[in-house]
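# Geometric and topological summary
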Amino acid sequence: MILLHRLTPFVICLLSLAGFGLLIADPIGLKIPAALAFILIPGLFARLLLWEFKRPAFWVFLGTPSLLLMSALMFFLIIESQFGLWAMALSVTLVLTLYAENLFAFYHLPSAYQAYSLEFLSLVCYIISSFFFTGSAYMAQLFLELPLWIPAIATFLIVLLATVAVFWVSKIGFETGILFAVTGAIVMTEVYVSLSMLPTSFVTHAAVFTVCWYVYLGISRAHVLEKLTPAIVRRYALIGCMLLALIFGTATWT
């Protein structure tokens with residue numbers, strides 16, 4: 001049985017590459033086999049997690065790669081460059097594979113598990129997902145002429161659930177983390193709405209949103225874990241300001 005679990009990360013890698021490859025080759029004609037490949041991925045993650053539906057860990061560890069895959073597919077549909085498509089496909093596949101590999105070690109081979117690996121990978125997954133999701137939301141708002149409140153509510157819910165999950169993986173209790181999760185969801189929804197009014201591209205909006213959420217997550221987690229120091233605040237402030245300056249400095253303003 002453990003051999004089948006050991007092969008799961010490899011199969012997830014193959015399915016992800018196959019699904020993205022089929023969409024790149026022929027997004028219309030091959031959409032059904034591509035969809036089947038992507039549908040199998042959450043199922044394999046669930047099997048890796050032993051189908052323990054009653055445990056919060058099951059939903060957190062299943063929701064993290066599922067959100068990454070869903071948001072990546074949304075963003076994948078609006079990329080035009082072949083290089084960008086393959087770069088995104090390979091990047092998402094790599095993260096999914098690493099996440100599956102560490103889940104296997106955590107559940108089935110604890111002696112091989114590296115401490116804090118899932119905590120770090122979960123943060124990476126959610127940060128990447130926030131970029132893909134918000135970028136897709138801004139494009140949907142533009143091309144589908146959605147009223148602003150629809151993607152704003154979706155952003156609130158995604159940020160709320162993702163922040164709760166990040167705190168849970170960081171071994172922060174729900175009662176402690178929920179206040180920061182709700183606060184972060186409100187703040188990031190306001191950021192989303194504010195960015196939608198800037199005359200820049202959806203990529204710029206998504207990048208700025210991601211940087212802001214990364215800074216909020218970093219500082220709030222450090223505060224809750226009682227590790228917040230002036231040096232950490234300065235580090236996140238410096239990183240945030242440098243990234244925002246780079247993004248806005250290279251953005252195309254219309």
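Rules used in this analysis
Counting restarts for each chain: residues are numbered from 1 in the order of the written sequence. Per-residue local features of the predicted model are confined to residues with pLDDT of at least 70, and side-chain atom pairs are confined, for both listing and counting, to 80 or more; whole-chain, interface and lining totals are unaffected and use all residues. Heavy atoms throughout the structure, all of them, feed into the side-chain values; hydrogens and water do not. Each axis is a line fitted through C-alpha atoms, taken for helices only over the stretch in contact, and angles between the N-to-C directions span 0 to 180 degrees. Only DSSP runs of H or I reaching four residues or more are called helices, and only runs of E reaching two or more are called strands; each is numbered from the N terminus. Orientation categories follow fixed angle ranges, with anything under 35 degrees roughly parallel, anything over 145 roughly antiparallel, 65 to 115 roughly perpendicular, and all other angles oblique. Whether two residues touch is decided by their heavy atoms; if any such pair falls within 4.5 Å, the residues are in contact. Only Asp, Glu, Lys and Arg are considered charged in this grouping, and only Ala, Val, Leu, Ile, Met, Phe, Trp, Tyr, Cys and Pro are considered nonpolar; every other residue, Gly among them, is considered polar. Here, a salt bridge means any Lys or Arg side-chain nitrogen found within 4 Å of an Asp or Glu carboxyl oxygen. Partly exposed describes any residue whose relative accessible area lies between the buried limit of under 20% and the exposed limit of over 50%, with all areas from a 1.4 Å probe on protein chains only and scaled to the type maximum.

### With respect to the packing of helix 3 (residues 56–76) against helix 4 (residues 82–108)
Geometry of a packed helix pair, given as the angle between the helix axes and the separation of the axes. Where helix 3 contacts helix 4, the axes come no closer than 10 Å and their chain directions differ by 175 degrees. What the angle tells us is that helix 3 and helix 4 run roughly antiparallel. Taking contact as the criterion, the partners of Ala 57, Val 60, Phe 61, Thr 64, Pro 65, Leu 68, Leu 69, Ala 72, Phe 75 and Phe 76 in helix 3 are, on helix 4, Leu 85, Met 88, Val 92, Val 95, Leu 96, Tyr 99, Leu 103, Phe 106 and Tyr 107. Grouping the constituent residues of the contact of helix 3 with helix 4 by class yields 18 nonpolar, 1 polar and no charged.

### A closer look at the pattern of salt bridges
Per the stated rule, a full pass over the model turns up 3 salt bridges. Across the pair Arg 55 and Glu 52 runs a salt bridge whose closest N-O atoms are separated by 2.8 Å. Among the residues examined, Arg 55 registers a relative accessible area of 41% and is labelled partly exposed. Between Glu 119 and Arg 221 there is a salt bridge, with the nearest N and O atoms lying 2.6 Å from each other. Here the residue Glu 119 occupies a position in helix 5 (residues 117–143), and Arg 221 occupies one in helix 8 (residues 202–224), the gap between them amounting to 102 residues. Each member of the pair, Glu 119 as well as Arg 221, carries the same accessibility label: buried.

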